[in-house]
Each structure stands twice: as structure tokens, then as C-alpha cells.
Amino acid sequence: MKFDVNNEDLVGRSTPDPLRFAFTRKKSPHAGAMMQTIKEDAIQASLQKAHASSSEIYFPRKEHSKPPSIFSNDGSARCLYLHIPFCRVRCTYCHFFQYASSSSLMDDYVKALREEIRWKASTVWAQSAPFHAVYIGGGTPTDLSAEQIYTLVSDVRSLFPLTPDCEITLEGRVNRFELDQFEFALKAGVNRFSFGVQSFNTLVRKSAKRQDNKEEVMKKIQLLSSYQAAPIVLDLLYGLPYQTLDIWEEDLQGYLESGAQGVDLYQLIELNGLPMAKMVEQGKLPPPADTQMKASMFEMGVNFMAKHHQTRLSVNHWSSNHRERSLYNTLAKTSAEIMPLGAGAGGNVNGYQMMQTRDMKTYIDAIKNKAFPVTTLSRVPSSKGVSSEIKSGFDAGVLAQSQLDKAAGAGTFEALSPLFEAWQKNGLVHLERHQAQRSYLKLTLAGQFWTVNLAQNLIDVLRTQKASPL
Ligand SMILES: C[S@@+](CC[C@H](N)C(=O)[O-])C[C@H]1O[C@@H](n2cnc3c(N)ncnc32)[C@H](O)[C@@H]1O
Ligand code: SF4
């Protein structure tokens, strides 16, 4: 294989402190693969075809199994993603904001979404195999009323085939999420809650336009966790303005104090055009943390979780007990299929990857006319499995030789050894050599911090080979 092991962009800098200095900055929020786009006038016909047959990946099994069973033993999994594009107030750092919550717009939206659920659930593709995880994300789904949450989840459960242990997550925040909404969600079948806390510190929160103070957030999470009815999982962000290392340590302590069953530690990604960037420019906010400071915060987070015996589920996710599985987040990084529902939802179905329109009116009109509300559609290349395996391995903190060779072809791991050795020399990985194609590439702490760069670099190297598996 051809690649330049002296290229610092590829192998990182040779430095005594790779955690802080191996690369200049995180490449992008997530590593990605190249897609082949479908022309606009062919979108509807392609999608009709994709939904009119069983999942291609299930096809071999279908020939052997006896109807009406739809359970498979071929190891493949699939998910549903429902998008709720509303928030009461836009947080300064967030790129997910779409619409301000208004009850009449939300009513119209939920009506259209229920229509889309009914329609898509009736397709051959949807009924051909069970779904393993459902994620209701946003935006802020916890801004929906108790009845809206109940009807949406009940529709999903009654109309789609789900596995008996299907994970059903409701995302949002604790601000104005009251016990009636929580109990209706539980009654409808939600069995996991993911709340964005970002920081418990009141100054950090208020300057990011988060509504509640530390005491209010803590009290609510402690109350919801004390039900022991479903795992409560928190998102914490590191690198926000005013968030010093001391405050970050208090945030980590806050997770333990809250009694939540899991936590994600996300590094703040600064994207152009966020309100935060403007406020910093105007001198209304101090700048967010630089890359080196974020690396120190990551290090503190990893050490804190180890010290308190939290179970690590991925490079940035931990759980406090066996209840939290984080199934959707894990599957979404593999080549599992995801049916998208709602304005702004993305997914991949039967060989196609799609993004649904973010525009509310276009979305509602399309659903009324039974047209797929899709703005961009691409053919998923057969190589998607390779980039997914790489991404999911790096996300788990270890890439197995057997996993890479199965996806990209026998001998791939070995052929990449010079690259892995260069990464090892630069303190980013440990290459664990074992007999019988059972070697592993294990990320060091520095490698975990730079995981997206490493995954993307590996995907790029494979893509540029003459006999590319990508
Ligand atoms: C789609 S948001 C929904 C969360 C929920 N609405 C809330 O208010 O917390 C999911 C998560 O994305 C993360 N996020 C948002 N903006 C981010 C950014 N600029 N960089 C990194 N993570 C970000 C936050 O941690 C957030 O909890
Ligand atoms: S963090 Fe949540 S509430 Fe805040 S803007 Fe983003 S999606 Fe909306």
C-alpha cells in the first residue's frame, strides 16, 4: 500500500505530548465516506423502489426462514430515527437548532409526523425485519406535550415491528420537562432518556443561554433518576466559555451526584456562524477553550470516570450500571440501516442514504402528498461497510484485525502496518500483535482524543489506493 509515513497530517506530529499537540485540530464532527449522489428527478422513484422490497441485507435469510417470522440471525440491525426540530431558546454553541417551539406549529408538525409514521410503517421494507433501536432526537423532543409524546411512541410501537428489547430513547433537556411528560413517556414505552446538561455551572449555563440554574437541573435529574424506571443519560460539553478546569471537575462530580446512569462527554465543536462565535467577536463572551485545553479536559474526564469505576462504552461514553446500553448510538456508527422520520432527519434505507428537508412547510406538504420529503439522496457504496467498521472500531477505542480484514479484504490490516507503526511511534496507538490474524490497534489516551482524525485518515488512505476497497 502507498502512503507517506512522513506526512504529519497523516501520522501526527512527533511530540512528547501527543494528547495536546499530535494534530492541530479535530477534522470534523464525524469521519465520513464518499457517496454517489442521485439526480433530483430520480429521487422519488428510487425511494419508492427502495421501500417496496425487503432489506437487501436480509434477503439471503428471507429465502430460508419460514414466514411469518421476521426475526433474523444474520447479525444485522436497524433503527428508527424521529426528528423533533423545535427548541424553546437557541443555545449559543448549538448547530442543531431549527425552529422555536410554538404550540400551533408543533401541533401541525406532530400531525404530519404521525402521517409519515403510518405511511412508512406500511412499506414492505419497514415490515420485513424488526427494529432494534428507536431514537427520538432533536432539537428538543422533551418540549412535546405529554399527549404528543404518548401518541408518537404508541404509533411507533403499534405500527413498526420492534425487537422485544428494543431501546426507545427520548432526547431533550430537563427544562420544563415535568412528571406528567415523564410518566406518559414511560407508559408509552420509552425506556431510555438522554438529557443535555452541558454544564451544571450556573455562569457557564446562563452564558450559553441554558435556562435553569445548577440547583434546578440537579434536583430534576435526581428526581427522574430516583424512579429507576429507565436509564437517564446526560450529555456534558467541555470547552465552553467560562468553563475552567475546576468547573469541569465540578461538572464531572455533578454527574455522580445526579444519580444518572450514563454520561457522554462531548468536545465543543466550533462551527462558523454559531451565535457563540459572534458574541466572542463582539466581546460579550470570553473565547471557548483551545484544542490543548480541550485535550486536558478530555484527560480529566477519562481519569475521573476510571477513578469512579464507571464502565466505558466508547471513547466518550460511560455508564454507572448495566442498565445503560447506548444501543442506538453504537448502531448508528455501524452500517446498520436507519429509517428517517421528520423534518431534518437523516438515515439510510436499502442501499440509499438520505437527508430529509429541514423546511417545515416543504415537509408538511410532501407528507400530505405522500412524497418522500428528501432533499439529498445518494447510493450507499458497497464500501460503506469498510468506513463504518473503521468508524465504529475507533469509536470503541480498538480496531480489530479480523474486523478490518472482513470489511476491507484479507491482508488489509497487515498492509497498513507501516501506518500503524508510525502512529504507535507518535504515541497515538498500541499495536497489539497476536497469532492467526487476531491483532488489535488500541488507541492510547491521545489516540482517543484524536479518534476522528485517525479514522478519517485511515479511510482516506484506503480510498486512494489503486485497488481501493472504498
Ligand atoms: C441535538 S442536541 C439535543 C440536546 C437538547 N436539546 C438539549 O438542550 O440539551 C444533542 C447534543 O449535541 C451536543 N452539541 C450541541 N452543539 C454542540 C457543539 N457545538 N459541539 C459539540 N457538541 C454539541 C450537546 O451536548 C447536546 O446535548
Ligand atoms: S442544545 Fe438542545 S435546546 Fe439548545 S439549541 Fe441545541 S438542540 Fe436546541
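Residues numbered from 1 in each chain as written. Chains lettered and ligands numbered in written order. Predicted model: local features only at pLDDT ≥ 70, side-chain atom pairs only at ≥ 80, totals over all residues. Heavy atoms only, no water.

Sheet strands line up and pair through hydrogen bonds in the backbone, either parallel or antiparallel. Ordered by their spatial adjacency, 3 strands build an open sheet running β16-β18-β17, and the pairing between neighbours is antiparallel. The sheet terminates laterally at β16 (398-400) and β17 (429-432), the two strands that pair on one side only. Going from strand to strand, the sheet's axes swing by 15 degrees on average, the running direction of each strand aside. Judged from the 4 bridges that link them, β17 and strand β18 (residues 440-443) form a sheet pairing that is antiparallel. Along β18, the bridge assignment pairs Val429 with Leu443. Of the strands in this sheet, β16 and β18 touch helix α16 (residues 384-396), which is tilted by about 135 degrees from β16. (Pairing = 2+ DSSP bridges. Helix = DSSP H or I, 4+ residues; strand = E, 2+ residues; numbered from the N terminus. Axes fitted to C-alpha atoms, helices over the stretch in contact; angles between N-to-C directions. Contact = heavy atoms within 4.5 Å.)

In this section: the site of ligand 2. Near ligand 2, the surroundings consist of Cys87, Cys91, Tyr93, Cys94, Gly139, Thr140, Arg173 and Arg210. Across the shell around ligand 2, the residue classes tally to 4 nonpolar, 2 polar and 2 charged. (Near = heavy atom within 4 Å. Nonpolar A, V, L, I, M, F, W, Y, C, P; charged D, E, K, R; others polar.)

Looking now at the packing of helix α5 (residues 103-121) against helix α7 (residues 146-159). Where α5 meets α7, the axes come as close as 10 Å, and the angle between the chain directions of the two elements is 5 degrees. With respect to α7, the element α5 is oriented roughly parallel. Residue-level contacts link Met106, Asp107, Val110, Leu113, Arg114, Ile117, Arg118 and Ala121 of α5 to Gln148, Thr151, Leu152, Asp155, Val156 and Leu159 of α7. Within the contact of α5 with α7, the residues separate by chemical class into 8 nonpolar, 2 polar and 4 charged. (Parallel < 35°, antiparallel > 145°, perpendicular 65-115°, else oblique.)

This paragraph deals with the confidence of the model for the chain. Per-residue confidence for the chain gives a mean pLDDT of 92; residues scoring 70 or more make up 92%. Here residues 58-68 is modelled with pLDDT under 50, and outside its nearest four sequence neighbours on either side it reaches 21 contacts, counting other chains as well. (pLDDT = per-residue confidence, 0-100.)

With that out of the way, let us pick up the site of ligand 1. If you check the shell around ligand 1, you find 19 residues, and the closest are Tyr93, Gln198, Arg210, Asp235 and Ile269. One of the side-chain N or O atoms of His95 is found 3.5 Å from a nitrogen atom in ligand 1. Between ligand 1 and the protein, one listed contact pairs an oxygen atom with a side-chain N or O atom of Gln198 at 2.8 Å. Starting from 570 Å² of accessible surface for ligand 1 in isolation, the protein chains cover 92%. At the level of secondary structure, the elements contributing two or more residues to the shell around ligand 1 comprise β6 (162-172), β7 (192-198), β8 (232-238) and β9 (262-267). By residue class, the composition of the shell around ligand 1 is 7 nonpolar, 8 polar and 4 charged. (Polar contact = N/O pair within 3.5 Å; in protein donor to acceptor, adjacent residues only side chain to side chain. Areas by Shrake-Rupley, 256 points an atom, 1.4 Å probe, with all protein chains shown as cover.)

So, about the domain arrangement of the chain. Here the domain parsing of the chain yields domain 1 (8-28 + 383-463) and domain 2 (36-332). The C-alpha centroid of domain 2 is placed 27 Å from the C-alpha centroid of domain 1. Surface buried jointly by domain 1 and domain 2 totals about 1,300 Å² across both partners, of which 62% is contributed by carbon and sulfur atoms. Close ionic contact of Arg20 with Glu299 constitutes a salt bridge, the shortest N to O distance being 3.4 Å. Viewed at the interface, domain 2 and domain 1 are joined by 6 residue pairs in polar contact (both at pLDDT 80 or more). Looking at the side of domain 1 that touches domain 2, the elements with two or more residues in it are α2 (18-21), α16 and α20 (445-449). Residues belonging to the side of domain 1 that touches domain 2 are distributed by class as follows: 8 nonpolar, 4 polar and 4 charged. (Domains from an automatic or database assignment. Buried area = accessible area lost by both parts, 1.4 Å probe. Salt bridge = Lys/Arg side-chain N within 4 Å of Asp/Glu carboxyl O.)

Before going further, it helps to examine unusual backbone geometry. Cis geometry is found at the peptide bond from Gly138 to Gly139, where omega equals 20 degrees. Its place among the elements puts Gly139 in the loop between β5 (131-138) and α7. Backbone geometry places Lys209, a non-glycine residue, at a positive phi of 70 degrees. Summarising the element assignment, Lys209 is placed in the loop between α9 (202-207) and α10 (214-226). For Gln228, which is not glycine, the phi torsion reads 50 degrees and is therefore positive.

The next subject is a nonpolar patch on the surface. A surface patch of nonpolar side chains, about 220 Å² in accessible area, is lined by Leu179, Leu223 and Tyr227. Within the secondary structure, Leu179 is located in helix α8 (residues 179-188). The exposure class assigned to Leu179 is partly exposed, which follows from its relative accessible area of 31%. (Patch = residues over 30% accessible without salt bridge, like charges linked within 9 Å, V, L, I, M, F, W, Y side chains within 5 Å. Buried < 20%, exposed > 50% of the residue type's maximum accessible area, 1.4 Å probe, protein only.)

To continue, consider α8. Looking only at α8, the buried set comprises Gln181, Phe182, Ala185 and Ala188. Buried residues of α8, viewed axially, fall in a sector of 135 degrees; they line one side. The inward-facing, buried residues of α8 contact α7, β6, β7, α10 and β8. A positive backbone phi angle near 125 degrees is found at Gly189, which sits one or two residues after α8. (Arc of directions from axis to C-beta.)

Taking 1.5 Å per residue, 19 residues should reach 27 Å; α5 reaches 26 Å between its end C-alpha atoms and fits that length. Residues of α5 that are buried include every one of Met106, Tyr109, Val110, Ala112, Leu113, Glu116, Ile117, Trp119, Lys120 and Ala121, and no others. (Expected span 1.5 Å × (residues − 1).)

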